[in-house]
Amino acid sequence: RHLIDSAAVGICGIDLEGRVTFANHALITLSGYRADELMGRPICDLLLDPGRRDRAVSSRNVLFSEALEKGVTQRSISQVVWKKDGGNLSVDLTTAPIRQDGQVVGAVITVVDVTERKRADDVLRRYVNEVETARQQLEQQAIEHAEQAEELALARDRAEEATRAKSEFVAT
């Protein structure tokens, strides 16, 4: 238990009905719930968008069904989960079955807060788009300047030709 409580990521266990059976300190901190508020509650009541909770058929939600029903580890990247205060977090979830005597008796869920990484990715994506837009604009300007340079060179050549023709005319 001490090892699980020392982990930097949120960890909780759920039974076959999807009710929380244990939660470490990191999960308690992430969720904003007290330990006694988590124990025995359906995990979907704690993690799902409050507007979707009423529509959830049961706590054996799609996020956890693979582990509970099929005994398969399941990963969900950038899942939005809701905190007690109504705020949300972007997290990576991994749900793995807990087996006893070869039978699935529950699941362990790890919750990694990726909110800051996601924000940084969004900022980076915006900057990349801005740089790409600037590159395209500069490329277009370079094309326009090259066309203008060609037109000026052609005009210069015509002017030089006209000057030669005038000089020859005057000389004769």
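Look a little higher up for the structure.
Fair warning: this is a prediction, and the values are worked out from it, not measured in the lab. (Residues numbered from 1 in each chain as written. Predicted model: local features only at pLDDT ≥ 70, side-chain atom pairs only at ≥ 80, totals over all residues. Heavy atoms only, no water.)

Caption draft 1: Geometry of the side chain of Asp15. Turning to its location among the elements, Asp15 is positioned in strand β1 (residues 10-15). The exposure class of Asp15 is buried, given its relative accessible area of 16%. In terms of polar contacts, Asp15 uses its side chain to reach the backbone amide nitrogen of Arg19, at 2.9 Å. (Helix = DSSP H or I, 4+ residues; strand = E, 2+ residues; numbered from the N terminus. Buried < 20%, exposed > 50% of the residue type's maximum accessible area, 1.4 Å probe, protein only. Polar contact = N/O pair within 3.5 Å; in protein donor to acceptor, adjacent residues only side chain to side chain.)

Caption draft 2: Quick peek at unusual backbone geometry. Its identity is not glycine, yet Asp101 carries a phi of approximately 55°, on the positive side. One can find Asp101 in the loop between β4 (88-100) and β5 (103-113).

Caption draft 3: Region of interest: the nonpolar core. Judged by nonpolar contacts, the single largest core of 24 residues is most densely connected at Ile14, Ala23, Leu38, Ile43, Phe64, Ile109 and Val111. Mapped by element, the contributors of at least two residues to this core are β1, β2 (20-23), α2 (25-31), α4 (43-47), α6 (62-70), β4 and β5. Broken down by element, this core gets its largest block of residues, 4 residues, from α4. Beyond its immediate chain neighbours, meaning those up to four positions away, Ala23 contacts Arg1, Asp5, Ile11, Cys12, Ile28, Leu38 and Met39. (Core = buried A, V, L, I, M, F, W, Y, C linked by side-chain atoms within 4.5 Å. Contact = heavy atoms within 4.5 Å.)

Caption draft 4: Molecular detail of empty space enclosed by the protein. Applying the stated criterion to the full structure yields 2 cavities of 30 Å³ or more. Here the largest cavity defines a volume of roughly 60 Å³. Along its surface, the largest cavity is lined by Leu27, Leu30, Ser31, Leu47, Val81, Trp82, Lys83, Leu89 and Val111. Counting only elements with at least two residues in the lining of the largest cavity, the list comes to α2 and β3 (74-82). A per-element tally of the lining of the largest cavity places α2 first, with 3 residues. In terms of residue class, the lining of the largest cavity is made up of 7 nonpolar, 1 polar and 1 charged. Considering only enclosed or pocket space, the second largest cavity measures out at about 40 Å³ in volume. Along the walls of the second largest cavity sit Leu27, Ser31, Leu38, Ile43, Leu46 and Leu47, which together make up its complete lining. When residues of the lining of the second largest cavity are traced back to their parent elements, those giving at least two are α2 and α4. At 3 residues, α4 tops the list of elements feeding residues into the lining of the second largest cavity. (1 Å grid on protein atoms, 1.4 Å probe; cavity = no way out; pocket = protein on both sides within 12 Å on 5 of 7 lines; lining within 4 Å. Points joined across faces, edges and corners; volume = space filled by probe spheres on them. Nonpolar A, V, L, I, M, F, W, Y, C, P; charged D, E, K, R; others polar.)

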